[in-house]
Amino acid sequence: MGSLFLKLVNLSITASWLVLAVLLIRLVFRKAPKWIRCFLWGLVALRLICPISIESAFSLIPSAEPLPQDILYTEAPEVHSGIGVIDTIVNPVLSSTLSPEPGASANPAQIWLFVLAWIWAAGAAAMLLYEQISYLLLKRRVATATLLRENIKQSENINSPFVLGLFRPVIYLPYRVADEELTYVIAHEKAHIRRKDHWWKPIGFILLAIYWFHPLFWVAYVLLCRDIEAACDEKVIREMGTEDRRAYSAALLHCSVRHRVIAACPLAFGEVGVKARIKDVMNYKKPALGIVLLAVAATIVAAICLLTVPKKDINKQQEIVVSTNSRETIQNGADALYSGIPTELIQPDTGAANGASLSSMGYTETIHPYGGQTVGGSHGGHHSENHHDSSHHNGSHH
Amino acid sequence: MNSPKVFESEYRFCLILWKYEPINSTKLARICKDELGWSRTTTFTVIRRLSDRGVAKNENATVTSLISKEDIQVAQMDEMMEKTFEGSLPAFIAAFARHQELTDDEVKEILRIIEK
């Protein structure tokens, strides 16, 4: 489970760049049609679901694997976030706390990963259980709902309309919806079904349950729910005149006034931000073609640059091996004093690393891909003192 | 008069029951599936709930009602009058008359009912 967890953490980090891009595009193209936002969230979902990454030269993702899989076994655990500053700060801490102690039976990185992976699993299980239970409770609550027509049922146990069910979605309405509002309410819920929102929302929630440890995805889920509603409204009112829109808004408002019960259920379509939605409905104008095209272009660029990961360079990989080796010698040898490896072997590398650290702020891949990491190495001397101490400590136990 | 509370969905069920009673519970469940979209379990749950409240009874797999349609309608009307018209019959009639065009015959009929 440790390596699965590590994989998920890596995916979550690469996907969070895409989430940030979606947030930006949402902000910049406020006037663009709302379905584009839903499409963008779809890209995020794709990134989170798809375990293999396509490599491309256009990728803007700083690192394909910020936490390398070998973090468990390496003697010098470190992150390759692709951002020099982060690596510089994090790696010395990591290597001083997580490096395996000689004599200790387990590697601290492994223990940590084990504990974190179980915490993650418990959290994900709790969220999925919550979803299941609230689904079943809601289903039981509307068991006595009576058929109005086709797939529309009415129940006295609910206060606002929603769609429930994946394969045979049913629209549930309260009994007391005025006739003149009924048409609009049904139009809205039917639009949800046509848009397959009864699939998108649970998928979103399941992904949130899996990636619950990343705060950005909570933001993403809340916004997804809002964007789904907005896009659905848009679909319904696109062809409506002002009068119809006014009536539609009134229906929205009435359904939300008595709303409370459904809020607890992540699956059903409750009302989200009614005020904002009514504003959107009343101010709706057909988006200008230019804006639509621009937003689509931005989406495509985001997809190409952030859905893919940077190309793995064979040279770079070799460098990882080399630098890990040199780190090894620094650590194992505590400045080569104990291992007997001549200091000259290490010195040049450390020197180069210091040189790289100067440019780590303006870091680009061409200068020195693992500049930050080797800077960590220069702290290795300091660290190895700790190391030395602890091995002393261990010694006294023997 | 104290009629037990019957919820909207249960009332729809009762409409079916009054129409077909006495009826075999399995048959009733089949009709409820077609007309209300209820599962078998739901139908039986509702039958049990209504039996507990003395609205219907299920004996030897035969379901019958214990309360007439009129009784329940009156009970519901009472409740609505209490809730919406603060128990005032004139207020209710006034609202009702304003909403619906009544023929002279209907007005006479209503007056007759009121005076009775």
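Counting of residues starts from 1 at the beginning of each chain's written sequence and follows it residue by residue. Here the convention is simple: chains get letters from A, ligands get numbers from 1, in the order in which they are written. A pLDDT threshold of at least 70 governs which residues receive local features in this predicted model, and a stricter bar of 80 or more applies before side-chain atom pairs are shown or counted, although totals over entire chains, interfaces and linings include all residues. Side-chain calculation: all heavy atoms of the structure are included, whereas hydrogens and water are not.

Draft legend 1. Broad picture of the overall build of chain A. Looking only at helices and strands, one finds 14 helices and six strands in chain A. Only protein chains enter the accessibility calculation, which uses a 1.4 Å probe. A residue is then buried if its area is under 20% of the maximum for its type, exposed if over 50%, and partly exposed in between. Within the span of chain A, comprising 398 residues, buried residues form 49% of the whole. Of the contacts made within chain A by residues no fewer than 6 positions apart, 71% connect residues no fewer than 24 positions apart. Here chain A has roughly 20,300 Å² of accessible surface; of this, 66% comes from carbon and sulfur atoms. Under the DSSP-based scheme used, a helix requires at least four consecutive residues in state H or I and a strand at least two consecutive residues in state E, with every element numbered from the N terminus. The criterion used for residue contact is that any of the two residues' heavy atoms lie within 4.5 Å. Residue exposure ignores everything except the shown protein chains as possible cover, and the areas themselves are Shrake-Rupley values with a 1.4 Å probe.

Draft legend 2. Region of the structure containing the interface of chain A and chain B. Facing ten residues of chain A, the contacting portion of chain B comprises twelve residues. Throughout, buried area stands for the accessible area (probe radius 1.4 Å) lost by two parts on being put together, summed over both. When the two sides are added together, the surface that chain A and chain B hide from each other amounts to roughly 850 Å², 51% of it contributed by carbon and sulfur. In terms of surface lost to chain B, no three residues of chain A exceed Thr144, Leu147 and Glu156 of chain A, which account for 48% of the buried area on that side. By salt bridge we mean one thing: a side-chain nitrogen of Lys or Arg within 4 Å of a carboxyl oxygen of Asp or Glu. Inspection of the chain A/chain B interface yields zero salt bridges. Here a polar contact is taken to be a pair of N or O atoms separated by no more than 3.5 Å, where protein atoms must pair a possible hydrogen donor with a possible acceptor and residues adjacent in sequence count only if both atoms sit in side chains. Our enumeration of links across chain A and chain B arrives at six residue pairs in polar contact (both at pLDDT 80 or more). Mapped onto the side of chain A that touches chain B, the elements with two or more residues apiece are strand 2 (146-149) and strand 3 (152-155) of chain A. Residues are sorted three ways: Asp, Glu, Lys and Arg are charged, Ala, Val, Leu, Ile, Met, Phe, Trp, Tyr, Cys and Pro are nonpolar, and all the rest, Gly among them, are polar. Among the residues making up the side of chain A that touches chain B, the classes are represented as four nonpolar, three polar and three charged.

Draft legend 3. Geometry of the packing of helix 1 (residues 8-20) of chain B against helix 3 (residues 40-52) of chain B. All names here are of chain B. Viewed as axis vectors pointing N to C, helix 1 and helix 3 meet at an angle of 95°, and their least axial separation amounts to 11 Å. The angle between helix 1 and helix 3 falls in the class roughly perpendicular. Contact residues: helix 1 offers Glu10, Phe13 and Cys14, while helix 3 offers Thr43, Val46, Ile47, Arg49 and Leu50. Each residue belonging to the contact of helix 1 with helix 3 can be placed in one class, and the counts come to five nonpolar, one polar and two charged. A fitted line through C-alpha atoms serves as each axis, taken over the contacting stretch for helices, and the angle formed by two N-to-C directions is quoted from 0 to 180°. Relative orientations are named as follows: roughly parallel for angles under 35 degrees, roughly antiparallel for angles over 145 degrees, roughly perpendicular for angles from 65 to 115 degrees, and oblique for any other angle.

Draft legend 4. Broad picture of unusual backbone geometry. Here the residue pair Glu21 of chain B and Pro22 of chain B is connected by a cis peptide bond, since its omega of -10° sits within 30 degrees of zero. Counting through the fold element by element, Pro22 of chain B comes out in the loop between helix 1 and strand 1 (23-24). At Lys196 of chain A, a residue that is not glycine, the phi angle is positive and equals roughly 65°. Examined against the element boundaries, Lys196 of chain A turns out to sit in the loop between helix 5 (179-194) and helix 6 (197-210). Non-glycine residue Asn60 of chain B carries a positive phi angle of around 50°. Note on placement: Asn60 of chain B falls in the loop between strand 2 (56-59) and strand 3 (62-65).

Draft legend 5. A look at the nonpolar core. Residues and elements named next belong to chain A. In plain words, nonpolar cores are sets of buried Ala, Val, Leu, Ile, Met, Phe, Trp, Tyr and Cys residues tied together by side-chain atoms within 4.5 Å. One finds Val19, Trp41, Val44, Leu48, Tyr211 and Phe217 to be the most contacted residues of the largest nonpolar core, which totals 47 residues. Contributing elements (two or more residues each) for this core: helix 1 (2-28), helix 2 (34-49), helix 4 (108-141), helix 6, helix 7 (215-237) and helix 10 (289-306). Here the element with the most residues in this core is helix 1; it accounts for eleven residues. Discounting chain neighbours no more than four positions away, the residues touching Tyr211 are Leu8, Leu11, Ser12, Leu48 and Phe217.

Draft legend 6. Spatial organisation of a nonpolar patch on the surface. Residue and element names in this part refer to chain A. By definition, no residue in a patch forms a salt bridge, and every one has over 30% relative accessible area; like charges are joined within 9 Å, nonpolar side chains (Val, Leu, Ile, Met, Phe, Trp, Tyr) within 5 Å. A contiguous nonpolar surface patch, about 910 Å² in accessible area, is contributed by Met1, Leu4, Ile111, Trp112, Phe114, Val115, Leu116, Trp118 and Ile119. Tallying contributions element by element places helix 4 first for the nonpolar patch, with seven residues. Within the secondary structure layout, Ile111 lies in helix 4.

Draft legend 7. The arrangement of the sheet that holds strand 5 (residues 170-174) of chain A in detail. All names here are of chain A. Two strands form a pair only when DSSP identifies at least two bridges running between them. If you walk across this open sheet you meet the four strands as 2-3-5-4, and the pairing is mixed. The sheet is open, and its two edges are formed by strand 2 and strand 4 (162-164), each paired on a single side. Shown here is a sheet whose adjacent strand axes are inclined to one another by a mean of 40°, direction ignored. Of the pairings in the sheet, the one linking strand 2 to strand 3 comprises three bridges and is antiparallel in character.

Draft legend 8. Spatial organisation of empty space enclosed by the protein. Residues and elements named next belong to chain A. Site definitions follow a grid-based scheme: protein atoms alone, a 1 Å grid, a 1.4 Å probe that fits but cannot get out for cavities, and for pockets an open set with protein on both sides within 12 Å along at least five of seven lines, plus lining residues having an atom within 4 Å of a point. Grid points are joined across faces, edges and corners, and a volume is the space filled by probe spheres set on the points. Enumeration according to the criterion identifies four cavities of 30 Å³ or more in this entry. Empty space within the second largest cavity amounts to approximately 40 Å³. Ile25, Arg26, Phe29, Ala32, Pro33, Ile36, Arg37, Leu40 and Ala295 together form the lining of the second largest cavity. When contributions to the lining of the second largest cavity are tallied by element, the ones reaching two or more residues are helix 1 and helix 2. Looking at the lining of the second largest cavity residue by residue, the class counts come to seven nonpolar, no polar and two charged.

Draft legend 9. Main features of the sheet that holds strand 3 of chain B. Residue and element names in this part refer to chain B. Reading across the sheet, the three strands line up as 1-3-2 and stay open at both edges, with antiparallel pairing between neighbours. In this open sheet, the two edge strands, each paired with only one partner strand, are strand 1 and strand 2. Alignment of strand 2 against strand 3, held across four bridges, turns out to be antiparallel. Looking across to strand 3, one finds that Lys57 is bridged to Thr64. Across the face of the sheet, helix 1 comes into contact with strand 1, strand 2 and strand 3 while running at roughly 105° to strand 3. Taken strand by strand, helix 3 contacts strand 2 and strand 3, and its axis lies near 115° from that of strand 2.

Draft legend 10. Expanded view of helix 2 of chain A. The length a helix should cover is 1.5 Å for every residue beyond the first. Compared with an ideal rise of 1.5 Å per residue, which puts 16 residues at 22 Å, helix 2 of chain A spans 23 Å between its outermost C-alpha atoms and is within 8% of the ideal. When we look at burial in helix 2 of chain A, the residues that qualify are Lys34, Ile36, Arg37, Cys38, Leu40, Trp41, Leu43, Val44, Ala45, Arg47 and Leu48 of chain A.

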